[in-house]
Amino acid sequence: MRVPVGVKASVFALLIMGSYTYFANSIPQIESKPPQELSLEGGNVTPAQLVKAGEEIFKTKGTCEICHRIGQAGTRAPDLAGVGSRAATRKPGMTAKAYLIESLIQPGAFIVPGYPPIMPAVDKPPIGLNRSELWALTAFLESLGSTVDVKLDDIPKTAGAAAAGGGATAEVKIPGDAKAGEQVFQGKGGCIACHKAGKIGASPVGPDLSQIAKIQTPDYIMKKILDPRGMGTVAGFPPGVMPPTFGQTLTAKEYTDLVSFLLTLK
Ligand code: HEC
Ligand code: HEC
């Protein structure tokens, strides 16, 4: 089979980006942590306080509401009303608590039928919650239909932004030019025909991308452009509409610039 040059270039670009990502993540954080970071470790905290903190994270830093509603069926993601009790029935032999924690840090391990696999691991960038925050969030989810019994020790030590050596707060550096990428978005890529992105575009054919970097990982965005179907279809939108040909039509530079532009959308 003949491999189109564009595809080769894109694979190359992905490899380059992969190593940049790795590099960016392995640089120790020099800056201090953002002030809104929650730390409950070692403190005395009641279940009620924990649930309240978790609800706050759900609505703010967690950006869960971009996809989920409580008591209202969404198109992108399941309604989380009653998830505290429903969680016990999702995977045979797995407790509700373990399922809830897994759905936050390893969302791909169980995909709720009828939904696309688009949920990001919330302890990784761009959301990057730490262990305390995962603990509080799990308590909040338990409180939706069940009793709160999650302990900090239930959250794996390897989970959470802090455990990643601060890597989760490190900016992922893509070696592209965001300004040039905006031109690709409007020009050669033709993305604007279907997508809105911040101040540009208005088409409702595809999802509004104005906050894409806030809700999705660079990895997902990069792969979605090259293989839209392989990354699942965003709920509420028709499959097969987004062209699968960008790997052939865009040059490696155009692709890298485009990804850099999309990563500014938050
Ligand atoms: C980009 C959209 C998106 C974001 C952001 C998102 N989720 Fe999800 N979530 C989904 C989708 C889609 C599913 C169903 C598919 C699956 O199981 O992965 C899901 C599944 C879940 C489930 C399992 C529900 C069930 O009925 O079994 C839980 C719990 C959950 N999400 C919690 C959260 C929390 C808490 C946040 C915020 C920290 C969050 N999600 C952020 C899209 C998202
Ligand atoms: C002909 C219309 C069309 C064009 C052109 C198009 N897309 Fe899409 N795109 C869609 C549709 C429809 C979806 C939602 C269905 C799906 O997931 O495939 C989507 C989904 C996406 C998503 C996932 C959004 C999310 O919330 O997870 C991204 C990212 C994206 N497109 C980027 C782009 C970029 C970048 C370009 C230009 C290189 C582009 N698209 C061109 C129609 C289009």
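Residues numbered from 1 in each chain as written. Chains lettered and ligands numbered in written order. Predicted model: local features only at pLDDT ≥ 70, side-chain atom pairs only at ≥ 80, totals over all residues. Heavy atoms only, no water.

### Some points on the overall build of the chain
Phase 1 of the analysis: Across its full length, the chain holds 10 helices and zero strands.
Phase 2 of the analysis: Taken from the N to the C terminus, the helices and strands of the chain come in the order α-α-α-α-α-α-α-α-α-α.
Phase 3 of the analysis: Taken across its 266 residues, the chain has 44% of its residues classed as buried.
Phase 4 of the analysis: Expressed as a percentage of contacts within the chain between residues at least 6 apart in sequence, the contacts between residues at least 24 apart total 65%. (Helix = DSSP H or I, 4+ residues; strand = E, 2+ residues; numbered from the N terminus. Buried < 20%, exposed > 50% of the residue type's maximum accessible area, 1.4 Å probe, protein only. Contact = heavy atoms within 4.5 Å.)

### Some thoughts on the coordination of the iron atom of ligand 2
The expected angle between donors at a tetrahedral four-coordinate metal is 109.5 degrees. At an octahedral six-coordinate metal it is 90 or 180 degrees.
Phase 1 of the analysis: At 2.0 to 2.3 Å from the iron atom of ligand 2 lie its protein donor atoms, namely His195 (NE2) and Met242 (SD).
Phase 2 of the analysis: Considering all six donor atoms around the iron atom of ligand 2, angles at the metal cover 80 to 179° and the coordination shape is octahedral. On the criterion of sequence distance, the pair formed by His195 in the loop between helix H6 (178-186) and helix H7 (212-215) and Met242 in the loop between helix H8 (218-226) and helix H9 (246-249) is long-range, its members being 47 residues apart.
Phase 3 of the analysis: Among the residues examined, His195 registers a relative accessible area of 11% and is labelled buried.
Phase 4 of the analysis: With relative accessibility at 27%, the residue Met242 sits in the partly exposed group. (Donors = N, O, S within 2.8 Å, 3.2 Å for Na, K, Ca; no water. Tetrahedral: all angles 85-135°; square planar, octahedral: opposite > 155°, others 65-115°.)

### Thoughts on the environment of Ala252
Phase 1 of the analysis: With respect to the helices, strands and loops of the structure, Ala252 is situated in helix H10 (residues 252-262).
Phase 2 of the analysis: On a C-alpha basis, the gap between Ala252 and Gly176 in space is 9.9 Å, while along the polypeptide they are 76 residues apart.

### Quick notes on the site of ligand 1
Phase 1 of the analysis: Taken together, 27 residues lie near ligand 1, and Cys64, Cys67, His68, Tyr99 and Met119 sit nearest.
Phase 2 of the analysis: One nitrogen or oxygen atom from the side chain of Tyr99 is found 2.4 Å from an oxygen atom belonging to ligand 1.
Phase 3 of the analysis: At 3.1 Å, a backbone N or O of Phe110 approaches an oxygen atom of ligand 1.
Phase 4 of the analysis: Only helix H3 (83-90) and helix H4 (96-105) provide two or more residues apiece to the shell around ligand 1.
Phase 5 of the analysis: When residues in the shell around ligand 1 are grouped by element, the largest group, three residues, is from H4.
Phase 6 of the analysis: Among the residues making up the shell around ligand 1, the classes are represented as 19 nonpolar, five polar and three charged. (Near = heavy atom within 4 Å. Polar contact = N/O pair within 3.5 Å; in protein donor to acceptor, adjacent residues only side chain to side chain. Nonpolar A, V, L, I, M, F, W, Y, C, P; charged D, E, K, R; others polar.)

### Looking at the site of ligand 2
Phase 1 of the analysis: Taken together, 25 residues lie around ligand 2, and Cys191, Cys194, His195, Tyr220 and Met242 are the ones closest in.
Phase 2 of the analysis: In the model, an oxygen atom of ligand 2 is placed 2.6 Å from a nitrogen or oxygen of the Tyr220 side chain.
Phase 3 of the analysis: Lys224 has a polar side-chain atom sitting 2.6 Å from an oxygen atom of ligand 2.
Phase 4 of the analysis: For the shell around ligand 2, the secondary structure elements donating two or more residues are H8 and H10.
Phase 5 of the analysis: When residues in the shell around ligand 2 are grouped by element, the largest group, three residues, is from H8.
Phase 6 of the analysis: When grouped by side-chain class, the residues that make up the shell around ligand 2 number 17 nonpolar, six polar and two charged.

### Some details on the packing of helix H2 (residues 47-59) against helix H5 (residues 131-143)
The packing of two helices is summarised by the inter-axis angle and the distance between the axes.
Phase 1 of the analysis: As a packed pair, H2 and H5 sit with axes 7 Å apart at the nearest point and diverge in direction by 100°. The orientation of H2 relative to H5 falls into the category roughly perpendicular. Contacts between H2 and H5 involve Leu50, Val51, Ala53, Gly54, Glu55, Ile57 and Phe58 from the first element and Glu133, Trp135, Ala136, Leu137, Ala139, Phe140 and Ser143 from the second.
Phase 2 of the analysis: Split by residue class, the contact of H2 with H5 holds 10 nonpolar, two polar and two charged. (Axes fitted to C-alpha atoms, helices over the stretch in contact; angles between N-to-C directions. Parallel < 35°, antiparallel > 145°, perpendicular 65-115°, else oblique.)

### Some points on the coordination of the iron atom of ligand 1
Phase 1 of the analysis: Summarising the metal site, the iron atom of ligand 1 is bound by the protein donors His68 (NE2) and Met119 (SD), whose distances to it range over 2.0 to 2.1 Å.
Phase 2 of the analysis: Relative to the metal, the six donor atoms surrounding the iron atom of ligand 1 lie at angles of 88 to 179°, and the coordination shape comes out octahedral. Pair noted here: His68 is in the loop between H2 and H3 and Met119 is in the loop between H4 and H5, with a separation of 51 residues, a long-range link.
Phase 3 of the analysis: Residue classification places His68 among the buried residues on the basis of a relative accessible area of 11%.
Phase 4 of the analysis: Classification of Met119 as partly exposed rests on a relative accessible area of 32%.

### A closer look at H10
In an α-helix, one turn spans 3.6 residues; hence positions three or four apart end up facing the same way.
Phase 1 of the analysis: H10 sits mainly inside the fold: nine of its 11 residues count as buried.
Phase 2 of the analysis: Those residues of H10 that sit buried are Glu254, Tyr255, Thr256, Asp257, Leu258, Val259, Ser260, Phe261 and Leu262.

### Let's talk about the nonpolar core
Phase 1 of the analysis: By size, the foremost hydrophobic cluster in this structure holds 31 residues, and its most contacted members are Leu104, Leu129, Leu134 and Leu141.
Phase 2 of the analysis: Counting residues per element, the ones that place at least two in this core are H2, H3, H4 and H5.
Phase 3 of the analysis: When residues of this core are assigned to their parent elements, the largest contribution, seven residues, is made by H5.
Phase 4 of the analysis: Core analysis: the next-biggest nonpolar cluster, separate from the first, contains 26 residues, Val184, Ile200, Leu250 and Val259 among them. (Core = buried A, V, L, I, M, F, W, Y, C linked by side-chain atoms within 4.5 Å.)

The quantities given are spatial measurements derived from coordinates; they are silent on function.
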